[in-house]
Structure formats: structure tokens, C-alpha cells
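Close look at the chain arrangement
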Amino acid sequence: ESAAAKRTLEFAGGREQRFLAYLDKRLGESDYLAGPELTGADIMNAFNLTTWPMFGGPSVDHLPNVAAYVDRIRARPAYRKAMAIAGPLAKKPE
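The following paragraphs examine the structure supplied in this document. These figures come from a predicted structure and were not determined experimentally.

**Observations concerning the packing of helix α3 (residues 64-75) against helix α4 (residues 77-86)**
Contact geometry of α3 with α4 gives a least axis separation of 5 Å together with a crossing angle of 75°. With respect to α4, the axis of α3 lies roughly perpendicular. Contacts between α3 and α4 pair Ile73, Arg74 and Ala75 from the former with Pro77, Tyr79 and Arg80 from the latter. Class assignment for the residues of the contact of α3 with α4 results in 4 nonpolar, no polar and 2 charged.

The structure is reproduced here in C-alpha cells:
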């Protein structure tokens, strides 16, 4: 691994952690990203926070506001239905 590649990875990791810290702060102020109701912003970010960790992405368990947000997203009936049909753990129709 080159020195440049190592610096790039360190920068990206730091940027990710800063983003997650900001997200945790924001979700301490509101139930959803743009306010009290679910919006497109939440739909766009849901995959990164709910599914990406299954594939090696960062866990958000250590961020209490983000973890609670993920729980709210996962509890939504439409989310559960979508994951049952096409989520990473969905069963192939017989």
C-alpha cells in the first residue's frame, strides 16, 4: 500500500466519522433528517445506515441517536415490506 493510498484511506475514514458524528447530533434534534416527518432525505440515507453494515460498512450502534433512528426506520411497515421482498435477507420466491 502506497503512502498516498494510506493518506487517502485515513482521510476518507475521518470524513466518514465526522459525517456520522454530525448525523448523530442532527438526529438528537429531530426524529428524521429534515424534521419531524419522514422525507426523501431519509429514504436516500436509509440503505447506508440499515443495510450497508451487513456488507462491511460502518456500524452505528455506538451513536445513540443514529441507532434510534435506524430502529424507527426499520419499524416502519413499508420498510419491513420492502426488505421482505427485495432486502439482502429476502427469500427467493418459490
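**What about the side chain of Ser30?**
Mapped onto the secondary structure, Ser30 falls in the loop between α1 (3-27) and α2 (40-50). There is a polar contact of 2.7 Å between the side chain of Ser30 and the backbone oxygen of Gly35.

**Section: the layout of surface pockets**
The computed volume of the largest pocket comes to approximately 200 Å³. As for the largest pocket, its lining consists of Leu38, Ile43, Ala46, Phe47, Thr50, Thr51, Ile73, Arg76, Ala78, Tyr79, Ala82 and Met83. Grouping the amino acids of the lining of the largest pocket by side-chain chemistry returns 9 nonpolar, 2 polar and 1 charged.

**Describing a nonpolar patch on the surface**
A grouping of Phe47, Trp52, Met54, Phe55 and Leu89 is seen on the molecular surface, where their side chains present a nonpolar patch of about 590 Å² in accessible area. Within the element layout of this structure, Met54 appears in the loop between α2 and α3.

What counts, and where the lines are drawn
- Residues numbered from 1 in each chain as written.
- Predicted model: local features only at pLDDT ≥ 70, side-chain atom pairs only at ≥ 80, totals over all residues.
- Heavy atoms only, no water.
- Axes fitted to C-alpha atoms, helices over the stretch in contact; angles between N-to-C directions.
- Helix = DSSP H or I, 4+ residues; strand = E, 2+ residues; numbered from the N terminus.
- Parallel < 35°, antiparallel > 145°, perpendicular 65-115°, else oblique.
- Contact = heavy atoms within 4.5 Å.
- Nonpolar A, V, L, I, M, F, W, Y, C, P; charged D, E, K, R; others polar.
- Polar contact = N/O pair within 3.5 Å; in protein donor to acceptor, adjacent residues only side chain to side chain.
- 1 Å grid on protein atoms, 1.4 Å probe; cavity = no way out; pocket = protein on both sides within 12 Å on 5 of 7 lines; lining within 4 Å.
- Points joined across faces, edges and corners; volume = space filled by probe spheres on them.
- Patch = residues over 30% accessible without salt bridge, like charges linked within 9 Å, V, L, I, M, F, W, Y side chains within 5 Å.
- Areas by Shrake-Rupley, 256 points an atom, 1.4 Å probe, with all protein chains shown as cover.
- Salt bridge = Lys/Arg side-chain N within 4 Å of Asp/Glu carboxyl O.

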